[in-house]
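Below are the chains, spelled out letter by letter.
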Amino acid sequence: MTVPRRAVATGAAPVRLGFLGVGWIGLSRMKALLGTGLAEAAALVDPNTDMVAQAQTIAGDARTFESLDAMLNHGVDAVVVATPSALHAEQSIRAMEAGVAVFCQKPLGRSAAEVAAVVDAARRNDLPLGLDLSYRHTASMRHIRGLIGDGSLGRVHMIDLVFHNGYGPDKPWFYDRRLSGGGCLMDLGIHLVDLALWSRDFPAVASVTGHLMRAGEPWDGSDATVEDLAFATLVTQDGTLIRFACSWKLDVGREADISATFHGTRAAARFANVGGSFYDFTAELLTGTSAATQVSGPDDWGGRAALHWLGKVEAGGFDPDCLQFTAVAEVLDCVYASASPSGTARSGRVFA
């Protein structure tokens, strides 16, 4: 972790954090943020009293409240949002309109329009906005991004990515598009799109084509159902082909199958999970028929996106990198539009 310089140099008081939603992800991010010593838990909101009781064992003297508005009235510097997806955009905007920085679980919104509204609120109020796109913070993926950046792979011309979750969400709202924004594409594909674009500094996307299925049949596009299998092809304006697939509850013979392979004109690099794990990853350099491990072993990456945001909170001000969140959301919108019964492939500049 990189410690924010202002906190070290000035001995500033810890950032007062409010936690809106303290399920297992909220608790995990709480542990990471409080473990820095640069932040303290000032307020908690969650309708589940058992989860609040568990959070209080970590949060110390944090007060509990029944609503976001009550939390904001109590006075916090920043809020960590880990609520159901349908609430993310509205709650994030409300917090930032109150002058409070936000770190949100993905997705930031159920559509690109919702995401853009949140980013606009961050810009208007000159506040840092963070999103838990956590896989870009793994040591393996950061190493591969370095290989791409320094030219070790040559010109990257094709990227293949997969994220198959052998289980699937255990909360009913995930399966209602009105509440979740989408199925496995919104839940897992968001990470794949982010990795593909972030690894190459967000090139413009020229075309997007998608195919979505549910229970072995083409998804009908209704709001009451979501896809459980998604395929998409993207082509960037500089000619890079990006293909990805993601699913829930597919028979993959393991808990998870996660990988991203970056094919260049000199070599390729592969990011992949180990033994079906959701948490352990390697980075390999591929040349011809040979594979050389570059990064392996323990890597406590889960809270790094939140810690990166905490550094932005310490520095203050709007972070233009959050424009990337809108770019990813626009690609997802294009996949859904392309795959809907009346949809066609979408083209045009996705990220400017």
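Description of the structure in this document.

Parameters and conventions
- Residues numbered from 1 in each chain as written.
- Predicted model: local features only at pLDDT ≥ 70, side-chain atom pairs only at ≥ 80, totals over all residues.
- Heavy atoms only, no water.
- Phe/Tyr/Trp six-rings, centres within 6.5 Å; stacked < 30°, edge-to-face > 60°.
- Helix = DSSP H or I, 4+ residues; strand = E, 2+ residues; numbered from the N terminus.
- Buried < 20%, exposed > 50% of the residue type's maximum accessible area, 1.4 Å probe, protein only.
- Lys NZ or Arg CZ within 6 Å of the ring centre and 35° of its normal.
- Polar contact = N/O pair within 3.5 Å; in protein donor to acceptor, adjacent residues only side chain to side chain.
- Contact = heavy atoms within 4.5 Å.
- Expected span 1.5 Å × (residues − 1).
- Salt bridge = Lys/Arg side-chain N within 4 Å of Asp/Glu carboxyl O.
- Pairing = 2+ DSSP bridges.
- Right-handed = clockwise from strand over helix to strand, strands pointing away.
- Core = buried A, V, L, I, M, F, W, Y, C linked by side-chain atoms within 4.5 Å.
- 1 Å grid on protein atoms, 1.4 Å probe; cavity = no way out; pocket = protein on both sides within 12 Å on 5 of 7 lines; lining within 4 Å.
- Points joined across faces, edges and corners; volume = space filled by probe spheres on them.
- Nonpolar A, V, L, I, M, F, W, Y, C, P; charged D, E, K, R; others polar.
- Axes fitted to C-alpha atoms, helices over the stretch in contact; angles between N-to-C directions.
- Parallel < 35°, antiparallel > 145°, perpendicular 65-115°, else oblique.
- Left-handed = near helix turned anticlockwise from the far one by under 90°.

**Side note on the packing of aromatic side chains**
1) Next: In the structure shown here, the tally under the stated rule is 10 aromatic pairs.
2) Next: For the pair Phe-103 and Trp-309, a centre-to-centre distance of 5.5 Å together with 40° between the ring planes defines the contact as tilted. Of the two residues, Phe-103 is situated in strand 5 (residues 101–104) and Trp-309 in helix 10 (residues 304–315); the sequence distance between them amounts to 206 residues. Each member of the pair, Phe-103 as well as Trp-309, is classed as buried.
3) Next: The ring of Tyr-336 has Arg-177 sitting right over it, with the charged end atom 4.9 Å from the ring centre.

**Some words on the side chain of Thr-83**
1) Next: Here Thr-83 shows up in the loop between strand 4 (78–81) and helix 5 (85–97).
2) Next: Residue Thr-83 is classed as buried on the basis of its relative accessible area of 14%.
3) Next: Reaching out from Thr-83, the side chain makes a polar contact with the side chain of Gln-91 at a distance of 2.7 Å.
4) Next: Setting aside anything within four residues of it in sequence, one finds Thr-83 in contact with Leu-20, Gly-21, His-88 and Gln-91.

**Some details on helix 11 (residues 323–339)**
1) Next: Taking 1.5 Å per residue as the helical rise, helix 11 with its 17 residues ought to reach 24 Å, and the 25 Å between its terminal C-alpha atoms agrees with that figure.
2) Next: Most of helix 11 sits inside the fold, with 13 of its 17 residues counted as buried.

**Quick word on the pattern of salt bridges**
1) Next: Under the criterion given, the structure shown has 18 salt bridges.
2) Next: Note that Arg-177 is salt-bridged to Asp-223, the shortest N-O span being 3.9 Å. Pair noted here: Arg-177 is in helix 8 (residues 177–180) and Asp-223 is in the loop between strand 9 (217–218) and strand 10 (229–236), with a separation of 46 residues, a long-range link.
3) Next: A salt bridge links Asp-238 to Arg-200; the nearest nitrogen and oxygen atoms lie 2.6 Å apart. In this pair, Asp-238 is assigned in the loop between strand 10 and strand 11 (241–248) and Arg-200 in the loop between helix 9 (184–198) and strand 8 (205–214), connecting sequence segments 38 residues apart.
4) Next: Note on Asp-238: relative accessible area 43%, which makes it partly exposed.

**Some remarks on the pairing of strand 5**
Across a regular strand the side chains alternate sides, sitting on one face of the sheet and then on the other.
1) Next: Across the two faces of strand 5 the burial is the same, with Ala-101 and Phe-103 and Val-102 and Cys-104 all buried.
2) Next: Of the strand pairs in this sheet, strand 4 and strand 5 are connected by 4 bridges, and their pairing is parallel. Paired with Val-81 across the two strands is Cys-104, which belongs to strand 5.
3) Next: Between the parallel elements strand 4 and strand 5, the chain passes through helix 5 in a crossover that is right-handed.
4) Next: Regarding topology, helix 6 (residues 112–124) serves as the crossover connection from strand 5 to the parallel strand 6 (residues 129–131), and that connection is right-handed.

**Re the nonpolar core**
Soluble globular proteins tend to bury their nonpolar side chains together.
1) Next: Counting residues in hydrophobic clusters, the biggest one holds 88 residues, and the most contacted among them are Leu-108, Leu-129, Leu-161, Phe-244 and Phe-271.
2) Next: Setting aside residues no more than four positions away along its own chain, Phe-271 makes contact with Tyr-135, Thr-138, Ser-140, Met-141, Ile-144, Leu-195, Ile-258, Ser-259, Ala-260, Phe-281 and Thr-282.
3) Next: Listed in part, the 27 residues of the second largest apolar core include Met-30, Phe-103, Ala-305 and Val-313.

**Comments concerning the environment of Leu-108**
1) Next: Its location among the elements puts Leu-108 in the loop between strand 5 and helix 6.
2) Next: Residues Leu-108 and Ala-59, 49 residues apart in the sequence, show an inter-C-alpha distance of 25 Å.

**Thoughts on empty space enclosed by the protein**
Using a probe with the size of a water molecule, rolled over the atoms, empty space left in the structure can be pinpointed.
1) Next: Counted under the stated rule, the structure contains 2 cavities of 30 Å³ or more.
2) Next: If you add up the space inside the largest cavity, you get close to 80 Å³.
3) Next: Gly-109, Val-115, Ile-190, Ala-329 and Leu-332 are the residues nearest the centre of the largest cavity, which is lined by 16 residues in total.
4) Next: Elements with a contribution of two residues or more to the lining of the largest cavity: helix 6, helix 9 and helix 11.
5) Next: When residues of the lining of the largest cavity are assigned to their parent elements, the largest contribution, 6 residues, is made by helix 11.
6) Next: Considering only residue class, the lining of the largest cavity consists of 12 nonpolar, 2 polar and 2 charged.
7) Next: Estimated volume of the second largest cavity: approximately 50 Å³.
8) Next: Considering the residues around the second largest cavity, the lining is formed by Ser-85, Lys-106, Pro-107, Trp-173, Phe-174, Ser-180, Gly-182, Gly-183, Met-186 and Asp-187.

**Details of the pairing of strand 12 (residues 256–264)**
1) Next: Strand 12 sits mainly inside the fold: 7 of its 9 residues count as buried.
2) Next: The turn linking strand 12 back onto strand 13 (residues 268–273) is made up of 3 residues.

**Topic: the packing of helix 2 (residues 24–34) against helix 10**
1) Next: Contact geometry of helix 2 with helix 10 gives a least axis separation of 9 Å together with a crossing angle of 50°. With respect to helix 10, the axis of helix 2 lies oblique. Helix 2 and helix 10 meet at a crossing whose hand is right-handed. For the pair helix 2 and helix 10, contact is made by Arg-29, Ala-32 and Leu-33 and by Ala-306, Leu-307, Trp-309 and Leu-310, respectively.

**A few points about the sheet that holds strand 4**
1) Next: Read across the open sheet, the 6 strands follow the order 3-2-1-4-5-6; overall the sheet is parallel. Either end of the sheet is taken by a strand with one partner, and the two such strands are strand 3 (63–65) and strand 6. Sheet twist, expressed as the average angle between the axes of neighbouring strands with direction ignored, equals 25°.
2) Next: Helix 3 (residues 49–59) contacts strand 2 (39–45) and strand 3 of the sheet and is inclined by roughly 165° relative to strand 2.

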